[in-house]
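Take a look at the letters that make up each chain.
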Amino acid sequence: MRPDGWNCTSSASRMWQPASTASRDESPVFSSRREEVRRQVGGDHAYHATRADLLRRLGRSQKSRAAYGKAIELAGNTAETAYLTRRRDQLG
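Novice: Let's hear about the nonpolar core: which residues, and what values?
Specialist: If you look at the biggest cluster of nonpolar residues, it comprises 10 residues: A49, A52, L55, A67, Y68, A71, I72, A75, L84 and L91. Secondary structure elements with two or more residues in this core: α3 (45-57) and α4 (61-74). Ranked by the residues each element gives to this core, the list is headed by α4, at four residues.

Written out as structure tokens, the structure reads:
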């Protein structure tokens, strides 16, 4: 155990230490990386559908509805659009 609380007995824990520290502290590096990922997958309906589902599970209906709307807008076929529309409409 190191003085800063990390138990670095494996290479995996050493590898993930900076990432978990950054996400916990909301450092500028983590923030910019998060935004970069959002830009890269922002045009993918699956990203927005997954985000919508997670927000729904957290009880954040308004944001979930918006994410479902974006996923519907980007969906590639009628079956996906119909499914996402049903999920959005279940929010009330």
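Having put the structure on the table, let's press on.
Novice: Could you give an account of the packing of α4 against helix α5 (residues 78-89), with specific residues and numbers?
Specialist: Packing of α4 against α5 brings their axes to within 9 Å, and their N-to-C directions diverge by 170°. Classified by the angle their axes make, α4 and α5 are roughly antiparallel. Of the residues in α5, those touching α4 at R65, Y68, G69, A71 and I72 are T81, L84, T85, R87 and R88. The class makeup of the residues in the contact of α4 with α5 is four nonpolar, three polar and three charged.

Novice: Run through the confidence of the model for the protein chain, naming residues and quoting values.
Specialist: Low-pLDDT stretches of the model should not have their predicted coordinates read in fine detail. Taken over all residues, the pLDDT of the protein chain has a mean of 77, while the share at 70 or more is 64%. The secondary-structure element of the protein chain with the lowest mean pLDDT is helix α1 (residues 11-25), recorded at 49, while α5 shows the highest, at 95. Below a pLDDT of 50 lies the segment residues 11-16, which in the model reaches five contacts outside its immediate sequence neighbourhood of four places, other chains included.

Novice: Before we move on, can you summarise the pattern of salt bridges with the specific residues and values?
Specialist: A complete count under the given rule lists five salt bridges for this structure. Across the salt bridge formed by R57 and D53, the nearest N and O atoms sit 2.9 Å from each other. Of the two residues, R57 and D53 are both situated in helix α3; the distance of four residues between them amounts to about one turn of the helix. Take R57: its relative accessible area is 61%, and that puts it in the exposed class. Since its relative accessible area comes to 17%, D53 is described here as buried. Measuring nitrogen to oxygen at the nearest pair gives 3.6 Å for the salt bridge that ties R88 to D89. Given the relative accessible area of 23%, R88 is considered partly exposed. With a relative accessible area of 46%, D89 lands in the partly exposed category. Connected through salt bridges with shared partners, the residues D53, R56, R57 and R87 form a single ionic network.

Rules of the game
- Residues numbered from 1 in each chain as written.
- Predicted model: local features only at pLDDT ≥ 70, side-chain atom pairs only at ≥ 80, totals over all residues.
- Heavy atoms only, no water.
- Core = buried A, V, L, I, M, F, W, Y, C linked by side-chain atoms within 4.5 Å.
- Buried < 20%, exposed > 50% of the residue type's maximum accessible area, 1.4 Å probe, protein only.
- Helix = DSSP H or I, 4+ residues; strand = E, 2+ residues; numbered from the N terminus.
- Axes fitted to C-alpha atoms, helices over the stretch in contact; angles between N-to-C directions.
- Parallel < 35°, antiparallel > 145°, perpendicular 65-115°, else oblique.
- Contact = heavy atoms within 4.5 Å.
- Nonpolar A, V, L, I, M, F, W, Y, C, P; charged D, E, K, R; others polar.
- pLDDT = per-residue confidence, 0-100.
- Salt bridge = Lys/Arg side-chain N within 4 Å of Asp/Glu carboxyl O.

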